[in-house]
Amino acid sequence: DSVLYLRDRGSDTTWNISANSCVGTISIKKERAGDTVNLTQDTKVLTVHTQDAGTGSAVNGVRVLVLAASGGPYPYQVAVSISRSGSTATVSHTGHGLVTGHQVVIAGCNEGEYNGLFTIAKINNDSYSYTVTGTPATPATGSPVSTFVIVTGTTAGGGDITSTARAYSSSQPYSGTARYAAGSYKASPISGSITAATQTVNIPMISDA
């Protein structure tokens with residue numbers, strides 16, 4: 001058991017705290033009432049390693065996108081509704097389980113400006129917002145859905161890209177794609193399930209020659 005004391009930093013602050021391999025109860029005492037605390041325990045990370053299928057050598061500069069798949073604790077193609085005020089799109093998403101800084105892929109809107117990969121700001125447990133370009137009609141039409149982003153970015157430093165450490169209440173299936181921007185490799189699928197505290201998925205990149 002332990003207590004974390006969060007001092008007043010002079011303005012309302014968001015504290016993102018990850019606690020790994022802890023036993024017992026973690027309590028929070030915050031000095032400033034307006035602070036927001038996001039506490040996660042027993043976090044897990046996923047590393048995607050891209051390598052040449054023929055030589056086994058690491059391939060850097062591969063664009064990786066890994067999304068939550070069906071059957072895990074994070075949203076997968078959950079039906080949502082979206083409205084807009086100015087450049088802020090507000091998503092109604094019941095019990096989403098997300099926090100500020102998480103990323104989602106929005107798809108299915110007839111207005112293309114709403115679709116894409118976005119970093120969200122949590123409003124409450126049933127809604128969040130993101131910044132949208134242009135002035136698409138509000139509310140969004142079509143069949144909007146939201147899917148959680150596990151990893152996005154480009155491999156570097158030995159062909160690796162690693163997700164942010166976050167808590168998973170159960171195993172999280174995932175799927176995605178690895179694409180090499182220069183075009184000398186074919187796009188490779190990514191799939192699996194996050195179960196361990198740290199795990200690596202090796203993705204062979206096949207020459208497009």
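Residues numbered from 1 in each chain as written. Predicted model: local features only at pLDDT ≥ 70, side-chain atom pairs only at ≥ 80, totals over all residues. Heavy atoms only, no water.

A. Fine view of the pattern of salt bridges. Going through the model one piece at a time under the given rule, you end up with two salt bridges. Across the pair Arg 32 and Asp 8 runs a salt bridge whose closest N-O atoms are separated by 3.2 Å. Here Arg 32, found in the loop between strand E3 (26-30) and strand E4 (36-41), pairs with Asp 8, found in the loop between strand E1 (2-6) and strand E2 (14-19); they are 24 residues apart in sequence, far enough to count as distant. Residue class for Arg 32 comes out partly exposed when judged on its relative accessible area of 25%. Among the residues examined, Asp 8 registers a relative accessible area of 29% and is labelled partly exposed. Of the charged contacts, one joins Arg 32 and Asp 12 as a salt bridge, the two residues approaching to 2.7 Å between their closest N and O atoms. On the criterion of sequence distance, the pair formed by Arg 32 in the loop between E3 and E4 and Asp 12 in the loop between E1 and E2 is long-range, its members being 20 residues apart. Shared partners join several salt bridges into a network, and the residues in it are Asp 8, Asp 12 and Arg 32. (Salt bridge = Lys/Arg side-chain N within 4 Å of Asp/Glu carboxyl O. Helix = DSSP H or I, 4+ residues; strand = E, 2+ residues; numbered from the N terminus. Buried < 20%, exposed > 50% of the residue type's maximum accessible area, 1.4 Å probe, protein only.)

B. Spatial organisation of the nonpolar core. Residues Val 64, Val 66, Ile 82, Tyr 130, Ile 150 and Ile 190 are the most contacted members of the largest nonpolar core, which totals 36 residues. Broken down by element, this core gets its largest block of residues, four residues, from strand E6 (residues 62-68). Beyond its immediate stretch of four places on either side in the chain, Tyr 130 contacts Ile 82, Ser 87, Thr 88, Ala 89, Val 91, Ile 106, Tyr 114, Phe 118 and Thr 119. (Core = buried A, V, L, I, M, F, W, Y, C linked by side-chain atoms within 4.5 Å. Contact = heavy atoms within 4.5 Å.)

C. Structural detail: unusual backbone geometry. Residues Thr 138 and Pro 139 are joined by a peptide bond in cis, for which omega reads 0°. One non-glycine residue, Gln 77, lies in positive phi territory at about 45°. Here Gln 77 lies in the loop between E6 and strand E7 (78-79).

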